[in-house]
Every structure is written in C-alpha cells, then in structure tokens.
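Architecture and fold: a report
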Amino acid sequence: MSRALQRRENISGYLFLLPSLIFFIGFVVIPMIICIVTSLTDANMHDQGMFGNFIGFSNFSKLLSDETFLEALKNTFIIVIVSVPTVCAFSLWVSSVIYKLSGPVLSAFRCIFYLPVVTGSVAVTVVWKWMYDNYTGIFNHVLKGAGLIEQNINWLGDSKYALWCIILILFTTSVGQPIVLYVSALGNVDQTLIEAAEVDGANGFQVFWKVKWAQMMPTTLYILVITTINSFQCFALIQLLTKGGAGTNTVMYHIYWTAFKLTEQAGHFGYANAMGVVLAIFIGLLSALQFKLAKEK
C-alpha cells in the first residue's frame with residue numbers, strides 16, 4: 001500500500017473518530033484537568049466562583065484530619081470490600097447453575113437477574129424504601145409475623161443496619177451484568193479441554209478450577225474492575241435513602257455535599273475536587289492491582 005493511500009486512510013479514520021474525540025475531550029479530559037487544577041485552589045461557591053487562589057496541597061493535607069471524610073472513606077471501603085467479592089462469587093455460582101439450561105429458560109433467568117440493572121435507580125430505590133419502611137415495610141412485617149422481632153426496626157435510620165441495607169440494594173442491582181457475562185463466558189469455554197480433563201480423571205471441581213476458571217479470567221477481570229468502580233461511586237442510593245445519615249456517608253456523597261451545598265461548611269469546589277482526586281487515585285491503584293493479580297493468574 002502506498003504512503004499516500006495509508007495517509008488518506010488514516011485521515012479518514014480520524015475524521016470518523018472526530019465526533020467521539022470531541023465529546024471525550026470536552027466532557028472527560030477537560031473536566032479531569034479542571035478537577036485537578038481546582039483541587040489546588042480554595043475555589044468555592046460563596047465568592048470566588050470556580051477558580052480561586054492557589055493554595056498548593058493544603059486541601060489534601062486537610063483531608064488527613066477531616067473526620068467526616070475519613071469516616072466516609074471507611075464506609076466506602078466497607079461497601080467495596082463486602083460488595084465486590086459477594087457480587088462476583090454469587091454471579092459465578094448462578095451462572096454455573098443456569099448456563100446449561102435450555103434457551104427459553106435461560107433467557108427467563110437472564111431477564112430476571114438483569115431487570116434491576118435496566119430499571120431506573122429512582123424506581124428501584126422507591127421500592128426498597130417501602131420495603132425498609134418503619135411501619136408498613138415488608139421486612140418488619142415478615143420478621144414480626146415470624147416472631148423474630150418484637151418492635152419495628154428503623155432500618156435506614158439506625159447506624160447498625162443502614163449501611164448494610166445500602167450494601168444489600170447495591171448487591172441486588174449489581175449482579176445482573178456479571179451473570180450475563182459469566183453465562184456467555186461459560187458457553188465459550190473450549191469443550192475439548194473439558195473432555196480431555198475428564199478423560200484424565202479430573203473431578204468436577206478440578207475441571208472448573210483448572211479449565212473453566214482459567215479461560216474466564218478476562219471476563220472475571222472486567223467484572224472485578226467494573227464492580228469495584230461502581231461500588232466506589234455509590235451515590236444515588238445514599239442520596240435517595242439516607243442523605244448520608246445513620247453512618248452511611250460515602251466519599252461520593254460527601255463530595256457532592258461539600259461542593260454544592262450552600263452552607264458555611266460546604267460549597268467549596270477546591271476541597272471537594274481534592275476528595276475526587278484522592279478517590280480516583282484509590283480506584284486506579286486498586287484496578288491496577290486487580291490487573292496485576294489477574295495477569296499472574
């Protein structure tokens with residue numbers, strides 16, 4: 001192929017990419033740069049607008065002594081540590097059970113588990129809020145009817161239960177996509193390798209661990225990374241159910257409150273963006289660790 005033709009094809013390719021590149025640069029790259037820059041300033045909504053005075057790393061050093069942020073960070077890590085392994089393990093177990101079912105039955109299970117994913121978060125939250133209701137909620141009704149509790153439990157108002165209630169909702173809305181991906185991955189496993197392992201005397205667990213699991217590692221890595229990012233960015237559930245109360249404050253909700261609430265303590269873009277940078281660093285480090293471990297496997 002001549003250089004002129006190669007150049008023409010490259011130009012044509014970039015022209016087709018141009019709309020996506022403009023969107024990506026305008027709505028992803030530039031906001032990221034603004035976030036990093038303003039995290040080094042005292043920008044706020046009270047008097048200086050988006051850009052304030054340069055103060056270096058003062059916002060980051062302040063985070064180390066901010067008890068509210070540290071509590072939000074702890075809650076965020078609890079959500080990640082609990083939800084990511086349980087979502088992956090449950091999705092893999094369900095997929096292993098249903099992937100050999102006939103077409104219509106398999107499609108029905110896929111629809112059932114994927115329905116919360118495509119349903120609007122507000123609609124899902126409204127249903128769960130009713131289920132957790134102190135007086136008319138189904139959980140209190142069932143538990144009292146079974147004689148397990150004597151008084152209604154304030155699920156979303158008691159710090160002993162509220163965070164775990166959020167994790168339960170996040171779990172139910174997160175398993176749909178991993179199940180669909182694992183079903184596809186299990187269906188694409190090389191059957192000749194499975195048959196060879198069975199001929200060599202491998203039992204069911206050995207076939208799964210040595211053959212199926214090894215071929216599903218790319219899918220597992222994707223699920224781990226996506227689930228981790230979604231867990232770190234838990235915001236809508238907190239905003240709609242507890243507004244950060246009862247020990248459910250997370251970094252994402254605290255960033256929103258710090259940046260946009262017009263109070264004496266809030267409305268500070270620079271400080272909120274510093275939290276966002278720290279959160280992005282944690283997500284990046286954990287994702288890199290997951291890539292490294294998956295590569296070694």
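Small disclaimer: the values here were computed from a predicted structure and weren't measured.

Before going further, it helps to examine the nonpolar core. Ranked by size, the top nonpolar core spans 42 residues in total, and within it Leu63, Phe69, Met216 and Val251 carry the most contacts. Mapped onto this core, the elements with two or more residues apiece are helix H2 (58–63), helix H3 (67–98), helix H8 (176–187), helix H11 (217–232), helix H13 (251–260) and helix H14 (269–296). Of all the elements, H3 adds the most residues to this core, at ten residues. Excluding residues within four positions of it along the chain, Met216 makes contact with Leu92, Tyr182, Ala185, Leu186 and Phe208. Membership of the second largest hydrophobic core comes to 20 residues, among which are Trp155, Leu163, Cys165 and Cys234.

Relative to the helices and strands, Thr248 resides in the loop between helix H12 (236–241) and H13. In terms of polar contacts, Thr248 uses its side chain to reach the side chain of Thr242, at 2.6 Å. Within polar-contact distance, the side chain of Thr248 engages the backbone oxygen of Gly245 at 2.6 Å. If we ignore the near neighbours within four places in the chain, the residues touching Thr248 are Asn75, Ala162, Leu163, Ile166, Ile238 and Thr242.

Relative to the assigned elements, Thr228 resides in helix H11. Once you skip the residues sitting within four places of it in the chain, Thr228 turns out to touch Val80, Val84, Leu286 and Gln290.

Conventions used here
Residues take numbers from 1 onward in each chain, read along the sequence in its written order. With the structure being a predicted model, the display of local features is reserved for residues of pLDDT at least 70 and the display and counting of side-chain atom pairs for 80 or more, all residues being used for whole-chain, interface and lining totals. Neither water nor hydrogens contribute to the side-chain values; these are computed over all heavy atoms in the structure. Residues grouped as a nonpolar core are buried Ala, Val, Leu, Ile, Met, Phe, Trp, Tyr and Cys residues, joined through side-chain atoms within 4.5 Å. Each residue is placed in one exposure class: buried if its accessible area under a 1.4 Å probe, protein chains only, is under 20% of its type's maximum, exposed if it is over 50%, and partly exposed if it falls in between. Helix and strand labels come from DSSP, where a helix needs a run of H or I of at least four residues and a strand needs a run of E of at least two; each type is numbered from the N terminus. Whether two residues are in contact is decided by their heavy atoms, any of which lying within 4.5 Å being enough. Counted as a polar contact is a pair of N or O atoms within 3.5 Å, where, for protein atoms, one must be capable of donating a hydrogen and the other of accepting one, and residues adjacent in sequence contribute only when both atoms are in side chains.

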